[in-house]
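# Understanding the architecture of this molecule
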Amino acid sequence: MKAIFPSIMLLYFSFSQGQTKGQIPPDYSNRLDSEHFVFLWNSDKASQEEIERTKAYSEEIFVSYGNLVGSEHMPDRKIIVTFNGDAFDPVTRRKTNSGVDYQARVNLYRYNEYGYTGPLLHEYIHAFRKNTLNRWVRFFEEGFASAISYYLEPETEEFSRQGFAMEVLAGYWLDTGTDIPMRTLREQHNNLLHCRIQSYVLREDFFTYLINRFGIEKYLEFAYSPRIGSIELYEDIWGSSFDELVSDWEPDLLKRYRDYPGAKEQAEQYLQMVPAKYVRVCEAGVDF
Ligand SMILES: [Zn+2]
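Quantities reported herein were computed from a predicted structural model and do not represent experimental measurements. (Residues numbered from 1 in each chain as written. Predicted model: local features only at pLDDT ≥ 70, side-chain atom pairs only at ≥ 80, totals over all residues.)

In spatial order, the strands read 1-2-3-7-6; together these five strands make up an open sheet with mixed pairing. Two strands lie at the open edges of the sheet, namely strand 1 (30-33) and strand 6 (99-100), each paired on one side alone. (Pairing = 2+ DSSP bridges. Helix = DSSP H or I, 4+ residues; strand = E, 2+ residues; numbered from the N terminus.)

In structure tokens form, the structure reads like this:
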């Protein structure tokens, strides 16, 4: 009898560590495993060099995010990552975004010269949380993935801001009166998914403002609270209501935008580049 327990334990551990959260999709002929990820691709969609680069960066992200939030918030099963070719088709002008699916698998598309790794940090933050949380509040999750990406890698020149300053791209909407109010973004998140050119930077700047003003610990306390999604949680964590926090943030962003040399010209330049030029700007009265 005695001998059974160690072998069961051994089986259990080797099984749990090798396991993935979602199912391995059958559509890929190549597979590479790293400590915390399983990479899947077909040879015509990704080069060995792209796979190796993504693998190294993936493990780096696992460490830096794990150090920030603590190992209790990290997935105990491997994350599945698939490579699916170019995000933009210049002929059809069709665009496919990288994302995390319902099984918490990360499906990547290549963004021009930024390759597969541009949105990697953002998507992994979604995947790590989808692997460990029971509640999923999409407005907050998008803001969280963007703001923590910025917190961990503020200097990145990758997709999607491509080196432009956050206050330039976010402040432009506010300064020109073409922003989407934060309350609207929160309340109508699912209806405004197509408004990403405005919504992503505005949310990212709002949550980064809260991190800078109140500290990263408070932000993580909010992010990992079981009450996430409750509007009262804003007041309980930060001492002001959601609307008050937004009212404090807006003039702060406007000031940073107006103090930034050449902000308007830079924002307009960004809007002429890929992917921004493929995206329609949402309008009050039409979209919300
Ligand atoms: Zn996202």
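Turning our attention to the environment of F39. Following the sequence through the fold, F39 ends up in strand 2 (residues 37-41). Between the alpha carbons of F39 and Q188 there is a distance of 35 Å; along the sequence they are 149 residues apart. Setting aside anything within four residues of it in sequence, one finds F39 in contact with R31, L32, I51, T54, K55 and V81. (Contact = placed C-beta atoms within 7 Å.)

So, on to the nonpolar core. In this structure, V81, V106, Y124, L169 and L202 are the most contacted members of the largest nonpolar core, which totals 58 residues. Taken domain by domain, this core gets at least three of its residues from each of domain 1 (21-132) and domain 2 (135-288). Once residues lying within four places of it in the same chain are set aside, the contact partners of L169 are R161, F164, V201, A267 and Y270. (Core = buried A, V, L, I, M, F, W, Y, C linked by C-beta atoms within 7 Å. Buried ≥ 20, exposed ≤ 12 C-beta atoms within 10 Å, placed from the backbone. Domains from an automatic or database assignment.)

On to the pairing of strand 3 (residues 79-86). In this sheet, strand 3 lies alongside strand 2 in parallel orientation, the contact comprising four bridges. When the sheet's bridge partners are listed, L40 is paired in strand 3 with T82. Each parallel crossover has a hand, and the one from strand 2 via helix 2 (residues 48-69) to strand 3 is left-handed. With four bridges joining them, strand 3 and strand 7 (residues 106-110) adopt parallel strand pairing. Bridging from a neighbouring strand, D86 pairs with R110 of strand 7. (Right-handed = clockwise from strand over helix to strand, strands pointing away.)

Domain boundaries assigned for the protein chain yield domain 1 (21-132) and domain 2 (135-288). Contacts between the two partners involve 18 residues from domain 1, matched on the other side by 17 residues from domain 2. Within the residue set of the side of domain 1 that touches domain 2, elements represented by two or more residues are helix 2 and helix 3 (120-130). With six residues, helix 3 is the single largest residue contributor to the side of domain 1 that touches domain 2. Taken together, the residues of the side of domain 1 that touches domain 2 break down into seven nonpolar, seven polar and four charged. (Nonpolar A, V, L, I, M, F, W, Y, C, P; charged D, E, K, R; others polar.)

Within helix 11 (residues 263-271) the residues assigned to the buried category are A263, A267 and Y270. Buried positions in helix 11, seen along its axis, are confined to an arc of 60 degrees and lie on one side of it. Along helix 11, exposed side chains directed more than 90 degrees from the buried face belong to E265 and E268. Of the surrounding secondary structure, the elements contacted by the buried residues of helix 11 are helix 5 (166-175) and helix 10 (242-259). (Arc of directions from axis to C-beta.)

It is worth spelling out the packing of helix 2 against helix 3 at this point. The geometry of helix 2 relative to helix 3 is characterised by a closest axis approach of 10 Å and an angle of 55 degrees between their N-to-C directions. Judged by the inter-axis angle, helix 2 sits oblique to helix 3. The hand of the helix 2/helix 3 crossing is right-handed. Where helix 2 approaches helix 3, its residues T54, Y57, S58, I61 and Y65 are matched on the opposing element by L120, L121, Y124, I125 and F128. (Axes fitted to C-alpha atoms, helices over the stretch in contact; angles between N-to-C directions. Parallel < 35°, antiparallel > 145°, perpendicular 65-115°, else oblique. Left-handed = near helix turned anticlockwise from the far one by under 90°.)

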